[in-house]
Amino acid sequence: MRQFLTCAALATCLAATAGAATVSVDIYGEIEYNQIRNGLLNKVDVPAGSAVHIHFLLDSDVYTDDGTYPTRGYAIDQSSFAATYGSVTVGIESPYPYTPYFVLRNNDPMVDGFFLSNGTTWPTPITTSEPGIFGQLGVTFETSYDMNMLPSLDILDALGTWDYNGLSSLYFSTDDGGFDAMGLYFDHMTIATVPSPAGLAIFVPMVMGRRRR
């Protein structure tokens, strides 16, 4: 019993410490239609029905509050950004001309939710490394949920799985200069803390040491 409690306590402390540092956001869906004719995301290689996965990391302490609206933008770790369509993965535009944000909405107004943006006020596409006809292809994502789904603008209060429960509006697409070049179905989004490698390095030998005894 003492061994179990010690390991459990260590795991809890590790999760709490790591959770304050790094958060993983994963958006899952499916391609509804694809009108892209050229490049890596062409409609032949990436047909309708292909799975979609948008992934990125952020730091829960690196954010900007909007000066007008009840929104908070968490700066996306650009090196972690990956947009996967079927078997094809593209990264973020490099160099990126703005600061890309994952934005939380709390009573904005009368709804809670999330959106991707290059600012903290309005949703805008996060442009990728893949060129389109009118510029770089971008990921557009915006959701509105019933008010009181989010208790605050703290990303750690938003941990969990977000799907259609309480969802009132949704916009998810691959953008080409303001046009929906690829329509996307939304399935769900997960927001989770990620243990730091340093913390894991400390924790694993402790657990293994207990087992040897």
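Placed above this text is the structure.
Quantities reported herein were computed from a predicted structural model and do not represent experimental measurements. (Residues numbered from 1 in each chain as written. Predicted model: local features only at pLDDT ≥ 70, side-chain atom pairs only at ≥ 80, totals over all residues. Heavy atoms only, no water.)

**Student:** Any chance you could explain unusual backbone geometry here in plain terms?
**Tutor:** Trans peptide bonds make up most of the peptide bonds, and negative phi angles are found at most residues other than glycine. The residue after Ser94, namely Pro95, is reached through a cis peptide bond having omega -5 degrees. Here Pro95 is to be found in the loop between strand 5 (88-90) and strand 6 (101-105). Positive phi values are uncommon outside glycine, yet Met110 reaches one of about 65 degrees. In this structure, Asn148 is a non-glycine residue whose phi angle is positive, near 80 degrees. You can see Asn148 is positioned in the loop between strand 9 (136-146) and strand 10 (160-162). You can call Asn148 exposed: its relative accessible area is 65%. (Helix = DSSP H or I, 4+ residues; strand = E, 2+ residues; numbered from the N terminus. Buried < 20%, exposed > 50% of the residue type's maximum accessible area, 1.4 Å probe, protein only.)

**Student:** Would you take a moment to explain the layout of surface pockets for this structure?
**Tutor:** A probe as big as a water molecule, rolled over the atoms, marks out the empty space that is left. Approximately 260 Å³ is the volume attributed to the largest pocket. Contributing to the lining of the largest pocket are 14 residues, with Gln35, Ile36, Arg37, Ile133 and Asp176 lying nearest its centre. With 3 residues, the single largest contributor to the lining of the largest pocket is strand 12 (residues 179-193). Partitioned by chemical class, the residues of the lining of the largest pocket number 7 nonpolar, 4 polar and 3 charged. (1 Å grid on protein atoms, 1.4 Å probe; cavity = no way out; pocket = protein on both sides within 12 Å on 5 of 7 lines; lining within 4 Å. Points joined across faces, edges and corners; volume = space filled by probe spheres on them. Nonpolar A, V, L, I, M, F, W, Y, C, P; charged D, E, K, R; others polar.)

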